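Overview (structure and organization)
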Amino acid sequence: MKKIFTLAVAALISVAAFAQPQVIAHRGYHAIKGSCRNSIEALKQAQKMGLYGSECDINLTKDGVIVVAHGGLHPDKIYRKGEDIPRLNIQKSTYEELTAIPLENGETIPTLEQYLEQMKKSKKTKLIIEVKNHYTPEKETEIVQKTVEMVAKYGLNDMVEYIAFRPWVCFELKRLAPEGTPIAYLNGDYDPTYVKGMGISGIDYKYDVLKKKPKWIKSCQKRGLTVNVWTVDDEDKLRWVIEQGVDYITTDNPVLATKLIKEMCK
Ligand code: MG
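Residues numbered from 1 in each chain as written. Predicted model: local features only at pLDDT ≥ 70, side-chain atom pairs only at ≥ 80, totals over all residues. Heavy atoms only, no water.

Put simply, the second largest pocket is a space of about 200 Å³. Together, Gln20, Pro21, Gln22, Val23, Met49, Gly50, Leu51, Tyr52, Lys124, Thr258 and Ile261 line the second largest pocket. Mapped onto the lining of the second largest pocket, the elements with two or more residues apiece are β1 (22-25) and α11 (254-264). Of the residues belonging to the lining of the second largest pocket, the class tally is six nonpolar, four polar and one charged. (1 Å grid on protein atoms, 1.4 Å probe; cavity = no way out; pocket = protein on both sides within 12 Å on 5 of 7 lines; lining within 4 Å. Points joined across faces, edges and corners; volume = space filled by probe spheres on them. Helix = DSSP H or I, 4+ residues; strand = E, 2+ residues; numbered from the N terminus. Nonpolar A, V, L, I, M, F, W, Y, C, P; charged D, E, K, R; others polar.)

What follows is the structure, encoded as structure tokens:
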């Protein structure tokens, strides 16, 4: 009798446990001394943690260099978080102009090539590359083409995944990247049926979108689409997305995400 009871309890516990999502460090693991968003150090720290992925943003400079950066850089050489002061527009600046402005941790703005060099140093952590919107579709095709070629040149086809807000960028990635390369759509406005029809591999939607439409999670998974969610940092929100069974969590707080997954998932 006791044995049956123990088995029943064990079965209940296993039902209560959730599938294990993978953790992606948003702009690398930057919430640590000496690191900052989209720096080489942030990628190194994500690799050191052994995370599934490290996300980064890429832009094409005026003179055609692919750099890792989210938005503009501050021309006064001080990176002021949250302050509304003018920034140097990356897509309208030359690479040389950008290198004159240090990042918050003192690094020079990284090129995608430097990022890929660092990628070669770890076999575990994947690079999730967000191809940013550009001013024209031609520029977007150019950055996609150059990126895909560079990733292949570094022998990293299996270590790179892509995300983008623009459907056009997703289509160009699908056309130019090797078949089967994961590509997820970020903008949150298309339902699972439509995304499936785009021929890409998944969604990567904002937390608020999935909170409003939680049914989209299972609906995507039923269609063979992966579900990633950004940017989930608080404990309550992390618990909710883990309970919902998402496949990936993109977070500025990979330490807490990893801890909660360990606690909640089998
Ligand atoms: Mg991004």
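A few words on the pairing of β1. Bridge count for β1 against strand β9 (residues 248-251) is four bridges, and the pairing is parallel. Paired with Gln22 across the bridge in β9 is Tyr248. Here β1 pairs with strand β2 (residues 53-60) via two bridges, running parallel. Bridging across to β2, Ala25 finds its partner in Ser54. (Pairing = 2+ DSSP bridges.)

Bringing the coordination of the magnesium ion into the picture now. Around the magnesium ion, the protein contributes the donor atoms Glu55 (OE), Asp57 (OD) and Glu130 (OE), which lie 2.0 to 2.1 Å from the metal centre. Read N to C, the donor residues that coordinate the magnesium ion are spaced as E-x1-D-x72-E. One end of the pair, Glu55, is in strand β2; the other, Glu130, is in strand β4 (residues 126-131), with 75 residues separating them in the sequence. Accessibility expressed as a relative area gives 3% for Glu55, which makes it buried. Taking relative accessible area as the criterion, Glu130 reaches 5% and is therefore assigned buried. (Donors = N, O, S within 2.8 Å, 3.2 Å for Na, K, Ca; no water. Buried < 20%, exposed > 50% of the residue type's maximum accessible area, 1.4 Å probe, protein only.)

Moving on: the pattern of salt bridges. Throughout the structure, instances matching the rule amount to eleven salt bridges. For the salt bridge of Glu113 with Lys153, the shortest nitrogen-to-oxygen distance reads 3.3 Å. Note that Glu113 is positioned in helix α4 (residues 112-119) and Lys153 in helix α5 (residues 137-153), a separation of 40 residues in sequence. Judged by its relative accessible area of 61%, Lys153 is exposed. A salt bridge links Glu172 to Arg175; the nearest nitrogen and oxygen atoms lie 2.8 Å apart. (Salt bridge = Lys/Arg side-chain N within 4 Å of Asp/Glu carboxyl O.)

Residue position: Thr181 is located in the loop between α6 (167-176) and β6 (183-185). In this structure the side chain of Thr181 is engaged in a polar contact, spanning 2.6 Å, whose partner is the backbone oxygen of Pro178. Apart from the residues within four sequence positions on either side, Thr181 is in contact with Val160 and Tyr162. (Polar contact = N/O pair within 3.5 Å; in protein donor to acceptor, adjacent residues only side chain to side chain. Contact = heavy atoms within 4.5 Å.)

Another point: the packing of α4 against α5. Each packed pair of helices is defined by two parameters, the angle between the axes and the distance between the axes. Relative orientation of the contacting elements α4 and α5 amounts to 30°, with a least axis distance of 10 Å. Considering the angle they form, α4 stands roughly parallel to α5. In terms of crossing hand, the pair formed by α4 and α5 is right-handed. Note on element contacts: α5 touches α4 through Thr147, Met150, Val151 and Lys153, opposite Leu112, Glu113 and Leu116. A per-class count over the contact of α4 with α5 returns four nonpolar, one polar and two charged. (Axes fitted to C-alpha atoms, helices over the stretch in contact; angles between N-to-C directions. Parallel < 35°, antiparallel > 145°, perpendicular 65-115°, else oblique. Left-handed = near helix turned anticlockwise from the far one by under 90°.)

Using the criterion set out here, one finds seven aromatic pairs in the structure. With a centroid separation of 5.0 Å and an interplanar angle of 15°, the aromatic rings of Tyr185 and Tyr190 are classed as stacked. Accessibility expressed as a relative area gives 1% for Tyr185, which makes it buried. Measuring from centroid to centroid gives 6.0 Å for Tyr205 and Trp216, while their planes differ by 55°, and the two rings are tilted. (Phe/Tyr/Trp six-rings, centres within 6.5 Å; stacked < 30°, edge-to-face > 60°.)

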